Amino acid sequence: SVTTISTPHGGTPLAGFALRHHENNTLMGKLLATFEFSPNKKAYIKDVTMLESGNSFISSLRNKASIPIYSISNYKVNFYNVAMEVTSRFLAAELREYYPNHSELNDGIVPTESAIFGYHLGTIEADHMESACILYSQQTAGCRKLLALLIPHLKWLTWGHLKR
């Protein structure tokens, strides 16, 4: 099986923003290229661009073996990480302007509804960093919420499904 956490199965507007500015050769596109966040340096940008008709990445996935795919989505409203707060507000504005049929809930990088795929295990309140339980986020409530959902799932995958 595969379990994904805060994965942009349906894409992210941040990729569309980068692609738009790159293709239009704007000053912002040049700035993003300076930080190597352009389709020339990050091939996945085109794959995770949101499309109203569906996402190219999700459309290209093949699961011929019918492997169970589980997902955990997340969102955050009150950020203590300034960078995540900024990207979350930016992401919400991009969703409002370019994807009005989508919810503005996000984790600072990925829209919440984009992370829902396969068997959805639940949605937790955590920013993108907290959902990975890395760096400073290991001691946060968001990381604890993720682990409270993830550990029983992993135990079930390891042992529980054998009892069925």
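Since the model is a prediction, treat every value here as computed from it, not as a measurement. Numbers given for residues are sequential positions, taken from 1 along each chain in its written order. The predicted nature of this model means local features are confined to residues of pLDDT at least 70 and side-chain atom pairs, given and counted, to a pLDDT of 80 or more, with totals for whole chains, interfaces and linings taken over all residues. Note that the side-chain values use all heavy atoms of the structure and ignore hydrogens as well as water.

Chemist: Before we go on, may I ask you to explain the pattern of salt bridges in this structure?
Modeler: Charged atoms that come close allow side chains of opposite charge to pair. Each reported salt bridge corresponds to a side-chain nitrogen of Lys or Arg within 4 Å of a carboxyl oxygen of Asp or Glu. In this structure the tally under the stated criterion is five salt bridges. A salt bridge links Glu130 to Lys76, with the shortest nitrogen-to-oxygen separation between them at 3.2 Å. Placement of Glu130 in the loop between strand 3 (119-125) and helix 6 (141-158) and of Lys76 in the loop between strand 2 (69-75) and helix 5 (82-98) is noted, with a sequence separation of 54 residues between them. The exposure classification of Glu130 matches that of Lys76, with both residues buried. Notably, a salt bridge pairs Lys145 with Glu125, separated by 3.8 Å at the nearest N-O pair. Of the two residues, Lys145 is situated in helix 6 and Glu125 in strand 3; the sequence distance between them amounts to 20 residues. Here a strand is any run of E in DSSP of at least two residues, a helix any run of H or I of at least four, and the numbering for each starts at the N terminus. Each residue is assigned to one of three classes by its accessible area relative to the maximum for its type, calculated with a 1.4 Å probe on protein chains only: buried under 20%, partly exposed between the two thresholds, exposed over 50%.

Chemist: Explain the side chain of His153 to me, please; I cannot follow it from the model alone.
Modeler: Its place among the elements puts His153 in helix 6. Only heavy atoms matter for contacts: two residues are in contact if any of them lie within 4.5 Å across the pair. For His153, the residues in contact, after removing those within four places along its chain, are Thr3, Tyr70 and Leu121.

Chemist: Whenever I open this one, the sheet that holds strand 2 confuses me. Can you help?
Modeler: Strands belonging to one sheet form pairs held by backbone hydrogen bonds; the direction of such a pair is parallel or antiparallel. Two strands pair if DSSP finds at least two bridges between them. With parallel pairing, three strands are arranged side by side in an open sheet as 1-2-3. Strands with a single pairing partner mark the edges of an open sheet, and in this sheet they are strand 1 (2-5) and strand 3. With strand direction ignored, the average angle separating the axes of adjacent strands in the sheet is 15°. Running over the sheet, helix 6 touches strand 1, strand 2 and strand 3 and is turned about 160° from strand 3. Here, axes are lines fitted to C-alpha atoms. For helices the fit covers the stretch in contact, and angles between N-to-C directions go from 0 to 180 degrees.

Chemist: What's the story with unusual backbone geometry in this structure? I'm lost.
Modeler: Where the residue is not glycine, phi is negative for most of them; where a peptide bond is considered, it is trans in most cases. Look at Cys133: it is not a glycine, yet its phi comes out positive at around 50°. Tracing the backbone shows Cys133 in the loop between strand 3 and helix 6. With phi around 50°, Leu135 is a residue other than glycine that occupies positive phi space. Tracing the chain through its elements places Leu135 in the loop between strand 3 and helix 6. Under the relative-accessibility criterion, Leu135 is labelled exposed at 63%.

Chemist: Looking at this structure, I do not really get the packing of aromatic side chains. What am I missing?
Modeler: For any two aromatic rings, the description comes down to two numbers: the centre-to-centre distance and the angle of the planes. Each Phe, Tyr or Trp ring, with Trp reduced to its six-membered ring, pairs with another whose centre is within 6.5 Å; inter-plane angles below 30 degrees give stacked pairs, above 60 give edge-to-face pairs, and intermediate values give tilted ones. As enumerated under the stated definition, the model contains three aromatic pairs in all. Summarising the aromatic geometry, the rings of Phe17 and Phe90 are spaced 4.7 Å apart at their centres and angled 85° between planes, so their arrangement reads as edge-to-face. Note that Phe17 is positioned in helix 1 (residues 13-23) and Phe90 in helix 5, a separation of 73 residues in sequence. Owing to a relative accessible area of 13%, Phe17 belongs among the buried residues under this scheme. Ring centres 6.4 Å apart and planes at 75° place the aromatic pair Tyr70 and Trp156 in the edge-to-face group. Residue Tyr70 is located in strand 2, and its partner Trp156 is located in helix 6; the two are separated by 86 residues in the primary sequence. Tyr70 gets classed as buried once you look at its relative accessible area, which sits at 10%. Owing to a relative accessible area of 25%, Trp156 belongs among the partly exposed residues under this scheme. Among the aromatic residues, those joined into a cluster by ring pairs are Tyr70, Tyr119 and Trp156.

Chemist: Where do I start with the environment of Ser88 in this structure?
Modeler: As for its position among the elements, Ser88 is in helix 5. Judged by its relative accessible area of 8%, Ser88 is buried. A sequence separation of 68 residues divides Ser88 from Trp156, and the C-alpha atoms of the two residues are 33 Å apart. When neighbours within four sequence positions are excluded, Ser88 is seen to be in contact with Lys76, Phe79, Asn106 and Gly108.

Remember that the coordinates give geometry; whether it matters functionally is a separate question.
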